[in-house]
Amino acid sequence: FQNKGYSQQAASWVSSGANEELPPQAVNELMGTDELSRLSQQLGVSQEEVSSGMAQILPEMMNHLTPQGGVPDDGDEVLNRGTSMLEQLMSAAQRR
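Residues numbered from 1 in each chain as written. Predicted model: local features only at pLDDT ≥ 70, side-chain atom pairs only at ≥ 80, totals over all residues. Heavy atoms only, no water.

### Digging into the pattern of salt bridges
One pass over the full model with this rule turns up one salt bridge. The residue Glu35 makes a salt bridge to Arg38 at a minimum N-O spacing of 2.5 Å. Taken as a pair, Glu35 and Arg38 lie in helix α3 (residues 33–43) at a separation of three residues, close to a single helical turn. (Salt bridge = Lys/Arg side-chain N within 4 Å of Asp/Glu carboxyl O. Helix = DSSP H or I, 4+ residues; strand = E, 2+ residues; numbered from the N terminus.)

Written out as structure tokens, the structure reads:
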């Protein structure tokens, strides 16, 4: 996030304050076209829908995964739970 210019947004998700929004274009920049295409095909939705959904989900997901305002000691496990949560949310969105 820092390398792409979104460190302020990411820091807001981990802190205990309000979450800053992430524009869908940022998801394109952060994930890359290949990954967005893969997810789009896997979910059966457009890349724009993937970007928009990720932009909405990511701040909330990170906020929930860092309840004390910081990355917990079990960061790898937290990341795995977050990935699983994201996959579930994207699958639910696909069924709508």
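### What to know about the packing of α3 against helix α4 (residues 47–65)
At their nearest, the axes of α3 and α4 sit 8 Å apart, and the two run at 100 degrees to each other. In terms of axis orientation, α3 runs roughly perpendicular to α4. Here Thr33, Leu36, Ser37, Leu39, Ser40 and Leu43 of α3 lie close against α4, whose contacting residues are Gln47, Val50 and Ser51. Partitioning the contact of α3 with α4 into residue classes produces four nonpolar, five polar and no charged. (Axes fitted to C-alpha atoms, helices over the stretch in contact; angles between N-to-C directions. Parallel < 35°, antiparallel > 145°, perpendicular 65-115°, else oblique. Contact = heavy atoms within 4.5 Å. Nonpolar A, V, L, I, M, F, W, Y, C, P; charged D, E, K, R; others polar.)

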